[in-house]
Amino acid sequence: MGKTADLTTVQKMTIDTLKKEGKTQKVIAKEVGCSQSSVSKHINREAKGRKRCGRKECTSKRDKRALERIVKQNRFKNVGEIHKEWTVAGVSASRSTTHRRMQDMGFSCRIPRVKPLLNKRQRQKRLAWAQDKKDWTAAEWSKVMFSDESKFCISFGNQGPRVWRKTGEAQNPRCLKSSVKFPQSVMVWGAMSSAAVGPLCFLRSRVNAAVYQEVLEHFMLPATDQLYGGDDFIFQHDLAPAHNAKSTSTWFKDHGIPLLDWPANSPDLNPIENLWGIVKRKMRDARPNNAEELKATIKATWALITPEECNRLVDSMPRRIAAAIQAKGAATKY
């Protein structure tokens, strides 16, 4: 239970409202979540018209507005850089005061979410695709084999710069970090259905059409037997150049495998992207020393993926479709 000075503005307003309703101090204290003495002191202070004692703030409302402008100009600055700019603007305050004022405004330092940047044409195609698939049932999505490549690095600790944002601003374009693909330690190809995961393929070279068709021949085809047996299925992959090559399209036609049409630059619609995230989170405490140890860790973690996890991810497809439609084709949180 805090002292009177520790009561928040909301708590004080609640106390005043309940007092006007004729509630006792004991009841008010229970509903507000503070001590009865704090309620009593606040009521007596308000009755006597006494103001809060203590040191006066060294910053004015104008200073706070200037600070908020500085933060919003570049959300990725650290507190030291923001404090320096605020000082240059003529405000005399310490670094800790700068941090407190930012917190008072509702800013919190968070790891930025990563979303693909989409142009107008891509958003329109995503929206049309989502509207075409909005009536698909969970049973229809269970017939889709989702596939993708992902990169794993030996070090998992580097999360990049943080961003200052308020509650509800996680999807604000100024608070997002664009995803950029750079080759790192190990690239892996994998596939999943609503029932289980297929075998992994570790790629040794850059993926071109020829390499990708070898992956399909030696890993995707065995995965179809493992995941679907003799049942019909639809294969999904993104529009990477190797996937979209004419020779690759010919390979699928020759093998009689139907493809799911897929919008460009849409990892947020693919549940296997979330599966990669689950694998990487499970590997967070692992510290492989070389590429071979990293591969062994990935294999062991991939083998721990349960059918329930796969089913839950594929069952999320109708929600992903609805979110894409609501966002008018823009990238979603998935």
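Residues numbered from 1 in each chain as written. Predicted model: local features only at pLDDT ≥ 70, side-chain atom pairs only at ≥ 80, totals over all residues. Heavy atoms only, no water.

- As annotated in an unreviewed UniProt entry, the chain is Transposase from Gadus morhua.

1. Examining the overall build of the chain
- Counting secondary structure elements, the chain contains 15 helices and 8 strands.
- Oriented by its inertia axes, the alpha-carbon framework of the chain measures out at about 90 × 50 × 45 Å.
- Of all 334 residues assigned to the chain, the portion counted as buried reaches 38%.
- Taking as baseline every contact in the chain between residues at least 6 positions apart, the subset at least 24 positions apart corresponds to 76%.
- Summing over all exposed atoms, the chain offers an accessible surface of approximately 19900 Å²; the carbon and sulfur share of this is 50%.
- In the chain, which carries 61 positive and 33 negative side-chain charges, the distance between the mean positions of the two groups comes to 13 Å. (Helix = DSSP H or I, 4+ residues; strand = E, 2+ residues; numbered from the N terminus. Buried < 20%, exposed > 50% of the residue type's maximum accessible area, 1.4 Å probe, protein only. Contact = heavy atoms within 4.5 Å. Areas by Shrake-Rupley, 256 points an atom, 1.4 Å probe, with all protein chains shown as cover. Lys, Arg positive; Asp, Glu negative; His and termini not counted. Charge placed at Lys NZ, Arg CZ, Asp CG, Glu CD.)

2. Remarks on the pairing of strand E3 (residues 144-152)
- With 8 of its 9 residues buried, E3 lies for the most part within the structure.
- By the bridge criterion, 3 bridges tie E3 to strand E8 (residues 234-236) in an arrangement that is parallel. Bridging from a neighbouring strand, Phe146 pairs with Gln236 of E8.
- In the sheet, E3 pairs with strand E6 (residues 186-192) via 7 bridges, with the strands oriented antiparallel. The residue of E6 that forms the bridge with Lys151 is Met187. (Pairing = 2+ DSSP bridges.)

3. Looking at the pairing of E6
- In terms of residue burial, E6 counts as a mostly covered element, since 6 of its 7 residues are buried.
- The sheet contact formed by E6 and strand E7 (residues 201-203) spans 3 bridges and is antiparallel. Bridging from a neighbouring strand, Trp189 pairs with Cys201 of E7.

4. Regarding the packing of aromatic side chains
- For the structure on display, the rule yields 9 aromatic pairs.
- Ring centres 6.4 Å apart and planes at 50 degrees place the aromatic pair Trp129 and Trp141 in the tilted group. Within this pair, whereas Trp129 is found in helix H7 (residues 120-133), its partner Trp141 is found in helix H8 (residues 138-141), the two being separated by 12 residues in sequence.
- The exposure class of Trp141 is buried, given its relative accessible area of 0%.
- Arranged with centres 5.3 Å apart and planes meeting at 20 degrees, the rings of Tyr228 and Phe233 form a pair that is stacked.
- For Tyr228, a relative accessible area of 10% translates into the label buried. (Phe/Tyr/Trp six-rings, centres within 6.5 Å; stacked < 30°, edge-to-face > 60°.)

5. Side note on the UniProt feature "domain: Transposase Tc1-like" (unreviewed entry) in the chain
- If you check UniProt for "domain: Transposase Tc1-like" (unreviewed entry), the listed places come out as residues 64-132 in our numbering.
- Taken end to end, residues 64-132 has its terminal C-alpha atoms 49 Å apart, with 62% of it in helix and 7% in strand. (UniProt positions renumbered as here; feature names shortened; annotations may be inferred.)

6. Overview of the nonpolar core
- In this structure, Trp141, Phe146, Met192 and Leu275 are the most contacted members of the largest nonpolar core, which totals 31 residues.
- For this core, the elements supplying multiple residues, two or more each, are H7, E3, E6, helix H12 (271-282), helix H13 (291-303), helix H14 (307-315) and helix H15 (317-326).
- In terms of residues, this core owes the most to one element, H12, which gives 5 residues.
- Setting aside chain neighbours within four positions, we find Met192 in contact with Val144, Met145, Phe146, Val197, Leu227, Pro271, Ile272, Leu275, Cys310, Leu313 and Val314.
- In terms of nonpolar packing, the next biggest core, distinct from the first, is built from 18 residues, Leu203, Leu216, Ala242 and Phe252 among them. (Core = buried A, V, L, I, M, F, W, Y, C linked by side-chain atoms within 4.5 Å.)

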